[in-house]
Amino acid sequence: MAGFSSIIGHEQIKEHLQNAISMNKISHAYIFDGPDQSGKMSLAKSFAMALQCEQQSTEGCMECHSCKQALSNNQPDIIYLQHEKPNTISVDDIRKQINNDIVIKPYASPYKIYIIDEAEKMNQQAQNALLKTIEEPPTYAILLLLTTNADAFLPTILSRCIRLNIKPVSNQKIHSFLVKEYHFSDDKADICTAFAQGNVGKAIQLANSEDFNEIKNSALQLLKRIKEIELYEMMEAIKQINEYKLEINDYFDIMTIWYRDVLIYKATSDANSLIFKDEIYNIKKQASKSSYEGIERIIKALDKAKRRLNANVNFNLVIELLLLTIKEN
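Residues numbered from 1 in each chain as written. Predicted model: local features only at pLDDT ≥ 70, side-chain atom pairs only at ≥ 80, totals over all residues. Heavy atoms only, no water.

### Re the sheet that holds strand S1 (residues 29-33)
In sheet architecture, strand pairing relies on hydrogen bonds along the backbone and comes in two forms, parallel and antiparallel.
Here comes step 1: The 5 strands lie next to each other as S2-S3-S4-S1-S5, forming an open sheet whose pairing is parallel. Two strands lie at the open edges of the sheet, namely strand S2 (78-80) and strand S5 (162-165), each paired on one side alone. Averaged over all pairs of adjacent strands, the angle between strand axes in this sheet comes to 20°, irrespective of strand direction.
Here comes step 2: When S2 meets strand S3 (residues 112-116), the two strands line up parallel, connected through 3 bridges. Opposite Ile-78, over in S3, you have Ile-113 as the bridge partner. (Pairing = 2+ DSSP bridges. Helix = DSSP H or I, 4+ residues; strand = E, 2+ residues; numbered from the N terminus. Axes fitted to C-alpha atoms, helices over the stretch in contact; angles between N-to-C directions.)

### A look at a negative patch on the surface
Here comes step 1: On the surface, Glu-210, Asp-211, Glu-214 and Glu-243 cluster together to form a negatively charged patch.
Here comes step 2: Within the element layout of this structure, Glu-210 appears in the loop between helix H9 (200-207) and helix H10 (211-225).
Here comes step 3: Classification of Glu-210 as exposed rests on a relative accessible area of 75%. (Patch = residues over 30% accessible without salt bridge, like charges linked within 9 Å, V, L, I, M, F, W, Y side chains within 5 Å. Areas by Shrake-Rupley, 256 points an atom, 1.4 Å probe, with all protein chains shown as cover. Salt bridge = Lys/Arg side-chain N within 4 Å of Asp/Glu carboxyl O. Lys, Arg positive; Asp, Glu negative; His and termini not counted. Charge placed at Lys NZ, Arg CZ, Asp CG, Glu CD. Buried < 20%, exposed > 50% of the residue type's maximum accessible area, 1.4 Å probe, protein only.)

### With respect to the pairing of S3
Here comes step 1: Most of S3 is tucked away: 5 of the 5 residues are buried.
Here comes step 2: Residues Lys-112, Tyr-114 and Ile-116 of S3 are buried on one face, and the alternating residues Ile-113 and Ile-115, pointing to the opposite face, are buried as well.
Here comes step 3: Pairing of S3 with strand S4 (residues 141-147), which is carried by 5 bridges, proceeds in the parallel orientation. Bridge pairing in S4 places Lys-112 opposite Ala-141.
Here comes step 4: Each parallel crossover has a hand, and the one from S3 via helix H5 (residues 124-135) to S4 is right-handed. (Right-handed = clockwise from strand over helix to strand, strands pointing away.)

And the structure:
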């Protein structure tokens, strides 16, 4: 992390936060709402660093004592809430780390800034405890709530915070970032960009992932031979997919993008607009065998399978139903 200028995309949010600093119209509470790895933490850290910068810069000068501390996460007046239970931020976490601490003036900075990551994990008592602080904060206090689901907050919290919705970054920006920073070939950058779906953190994760190619190859191998699989082999296929249980969303996304390629090729016969350009032979073959309705049904089934797994439906059952749908269409 090195300030606003290093963040890819999110121009409107960066401008909003930097204007707030330059015009000295800073709110006491902000909500950064967006998917995992979408840039919430980078934006919050850059904002906190700039607010505490000794040069009073809207970017953070990177050189002063405060900025150097912020860059290494050691700035004493930028506080990150910790919670022991993985799925819950408790009322004790809020009371001990925020409410009881916020009355103490900043150690060496103009502000005392609290960053609450995964804020949707606050239970109702924790939210009520935080609400008291949001309603009557000391003049120097700023609360930054980072969440994947702001709708999980009490309406009274939402009404007292400035809500910043993190929007997807354009494919073009992500693509050129991967080519420039990671020296990817255009084809590899195309694939990672398609999977990132506007999420820069996801693109970086894929860029550094050794497993991704393995998952991709496994999913595509299965798709290429699924029509020929006998029902007794289906259990083998399910067993194989089980190995990627933790990355199942990536596995489904690979399948979805492959079928979208099939759909695009069927409609246009244009190989240039495909993501999996190196799969053109198999995509062509699949397109000639499949109907538009059949491909649409498969894409819908993949989306449904994702939702079912999120709702904790039995893994093997979901995969079996999905594979049968793909086989039939």
